[in-house]
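Chain residues, written in single-letter form:
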Amino acid sequence: MVHQYADRHTLEGLVPADVSAGADHLAVAARQAIVVVLAAPGQEAAVAHLLASDEDLSARFSAPGEWLVISGLQTPELLHQALAALLGDMAHCIDQSHGRVLLRLTGLNARAILAKGAGLDLHPSAFSVGQSANVLCGHISVNLARVGDDAFEIVVMRSFADTLLHDLRDMGRAFDLTTAFLA
Amino acid sequence: MASLIPCPHCGIRPKEEFSIRGDASLVRPDPESSDETWNDYVHIRANPRGRYREHWQHVAGCRRWLVVERDTFTHEVFSVSDGAVRPWETSR
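Calculation notes
- Residues numbered from 1 in each chain as written.
- Chains lettered and ligands numbered in written order.
- Predicted model: local features only at pLDDT ≥ 70, side-chain atom pairs only at ≥ 80, totals over all residues.
- Heavy atoms only, no water.
- Domains from an automatic or database assignment.
- Contact = heavy atoms within 4.5 Å.
- Buried area = accessible area lost by both parts, 1.4 Å probe.
- Salt bridge = Lys/Arg side-chain N within 4 Å of Asp/Glu carboxyl O.
- Polar contact = N/O pair within 3.5 Å; in protein donor to acceptor, adjacent residues only side chain to side chain.
- Nonpolar A, V, L, I, M, F, W, Y, C, P; charged D, E, K, R; others polar.
- 1 Å grid on protein atoms, 1.4 Å probe; cavity = no way out; pocket = protein on both sides within 12 Å on 5 of 7 lines; lining within 4 Å.
- Points joined across faces, edges and corners; volume = space filled by probe spheres on them.
- Helix = DSSP H or I, 4+ residues; strand = E, 2+ residues; numbered from the N terminus.
- Core = buried A, V, L, I, M, F, W, Y, C linked by side-chain atoms within 4.5 Å.
- Buried < 20%, exposed > 50% of the residue type's maximum accessible area, 1.4 Å probe, protein only.
- Axes fitted to C-alpha atoms, helices over the stretch in contact; angles between N-to-C directions.
- Parallel < 35°, antiparallel > 145°, perpendicular 65-115°, else oblique.
- Left-handed = near helix turned anticlockwise from the far one by under 90°.

### Section: the domain arrangement of chain A
All names here are of chain A.
Part 1 of the reasoning: Splitting chain A by domain gives domain 1 (25-30 + 99-182) and domain 2 (33-95).
Part 2 of the reasoning: Measuring from the centre of the C-alpha atoms in domain 1 to the corresponding centre in domain 2 gives 22 Å.
Part 3 of the reasoning: In this assembly, ten residues from domain 1 lie in contact with eight residues from domain 2.
Part 4 of the reasoning: The largest per-residue losses of area from domain 1 upon contact with domain 2 belong to Arg100, Ser132 and Asn143, which jointly make up 48% of the total buried on that side.
Part 5 of the reasoning: There are one salt bridge connecting domain 1 and domain 2.
Part 6 of the reasoning: Residue arginine 60 is joined to glutamate 153 by a salt bridge in which the shortest nitrogen-to-oxygen separation is 2.7 Å.
Part 7 of the reasoning: At the junction of domain 1 with domain 2, the criterion picks out four residue pairs in polar contact (both at pLDDT 80 or more).
Part 8 of the reasoning: Of the residues in the side of domain 1 that touches domain 2, the class split is five nonpolar, three polar and two charged.

What follows is the structure, given as structure tokens:
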């Protein structure tokens, strides 16, 4: 029996491919490039500055001196190479593209849906566009980022994605949340 | 139990995101100390009613070890600082 490990998305079969997005929609990225960047001691500010200088990179705060760097344009290999070249000895870069799943929650009720599971103040004055943080959603630790007024991105470990998807659908049922793979 | 902990890195979070290790005011004794001193350090704990300083880890957030100073009776949180910064240790 031959297993196809690399090509199969962990949520394949659980998320329909051809559902049109409703008012509130959860999109699952079919592929993504995510690299964990861990700054060397004393280099935190310099690394943060370099990450912010590149417009293609989206650095999500994970811990002091640690970020999840996401690129919507590059492949995992190219993103890893680009970061290694950009940061050199100042940071460790570890490719996590296949270890995480990226979800994007959009819609006017996105905040209300997330508020059912995350113990974080999601009001724009406390969690503005561009901010990100690790937070407990239900009982799963995720990285949550606000990418728009009514748009959030969630990065979760691959093995928890199935349960998180189930939880998010429950949280969004009252709002007719739709789910589909991102084209 | 104090229910909202202001993490210095992540902001105000519910206590469910943290795990508690215990007393943060203990000072590790000299390796050559007597067995009795080591026994006290490893096993003997006070259970104070009032102000208490503890190690908490923000496991679901930044995963940093923090020092939380709280009141075990009123649940008031006085201060939360990163475990790597321990100003009172320099004066000991």
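### Some words on the layout of surface pockets
One simple way to see leftover space: roll a probe sized like a water molecule over the atoms.
All names here are of chain A.
Part 1 of the reasoning: The calculated volume of the largest pocket comes to roughly 780 Å³.
Part 2 of the reasoning: If you go around the largest pocket, you meet 35 residues; those closest to its centre are Ala29, Ala30, Arg31, Gln32 and Ala33.
Part 3 of the reasoning: If you list the elements that add at least two residues to the lining of the largest pocket, you get β1 (25-29), β3 (57-63), β4 (66-71) and β6 (100-106).
Part 4 of the reasoning: Of all the elements, β6 adds the most residues to the lining of the largest pocket, at five residues.
Part 5 of the reasoning: Tallied by class, the residues present in the lining of the largest pocket amount to 15 nonpolar, ten polar and ten charged.
Part 6 of the reasoning: Taken together, domain 1 (25-30 + 99-182) and domain 2 (33-95) each give at least three residues to the lining of the largest pocket, which thus spans both.
Part 7 of the reasoning: By volume, the second largest pocket is sized at about 280 Å³.

### Some thoughts on the interface of chain A and chain B
Part 1 of the reasoning: At the junction of the two partners, chain A supplies twelve residues and chain B supplies eleven residues.
Part 2 of the reasoning: Interface area for chain A against chain B, summed over the two sides, is near 870 Å², with a carbon-plus-sulfur share of 52%.
Part 3 of the reasoning: Sorting the residues of chain A by area buried against chain B places A:Pro64, A:Asn134 and A:Leu136 first, and these three jointly supply 46% of that buried surface.
Part 4 of the reasoning: The interface formed by chain A and chain B holds one salt bridge in total.
Part 5 of the reasoning: Residue A:Glu66 pairs with B:Arg63 through a salt bridge whose shortest N-O separation is 2.6 Å.
Part 6 of the reasoning: Across the contact surface, chain A and chain B share five residue pairs in polar contact (both at pLDDT 80 or more).

### Notes on the nonpolar core
Residue and element names in this part refer to chain A.
Part 1 of the reasoning: Core analysis: the biggest nonpolar cluster contains 30 residues, and Leu11, Leu103, Leu144 and Leu164 have the highest contact counts within it.
Part 2 of the reasoning: Within the residue set of this core, elements represented by two or more residues are β1, β6, α3 (110-115), β7 (132-137), β8 (140-148), β9 (151-157) and α4 (161-172).
Part 3 of the reasoning: Ranked by residue count, the leading element in this core is α4, at five residues.
Part 4 of the reasoning: Those residues in contact with leucine 164 that sit more than four places away from it in its chain are Leu103, Cys137, Ile140, Val142, Ile154 and Val156.

### Observations regarding the packing of helix α1 (residues 44-53) of chain A against helix α2 (residues 76-87) of chain A
Residues and elements named next belong to chain A.
Part 1 of the reasoning: In contact at an axis separation of 11 Å, α1 and α2 are set at 130° when each is read in the N-to-C sense. Taken together, α1 and α2 sit at an angle that is classed as oblique. Our pair here, α1 against α2, has a crossing hand that is right-handed. Facing α1, whose interface residues are Val47, Leu50 and Leu51, α2 presents Leu83, Leu86 and Leu87.
Part 2 of the reasoning: Tallied by class, residues from the contact of α1 with α2 come to six nonpolar, no polar and no charged.

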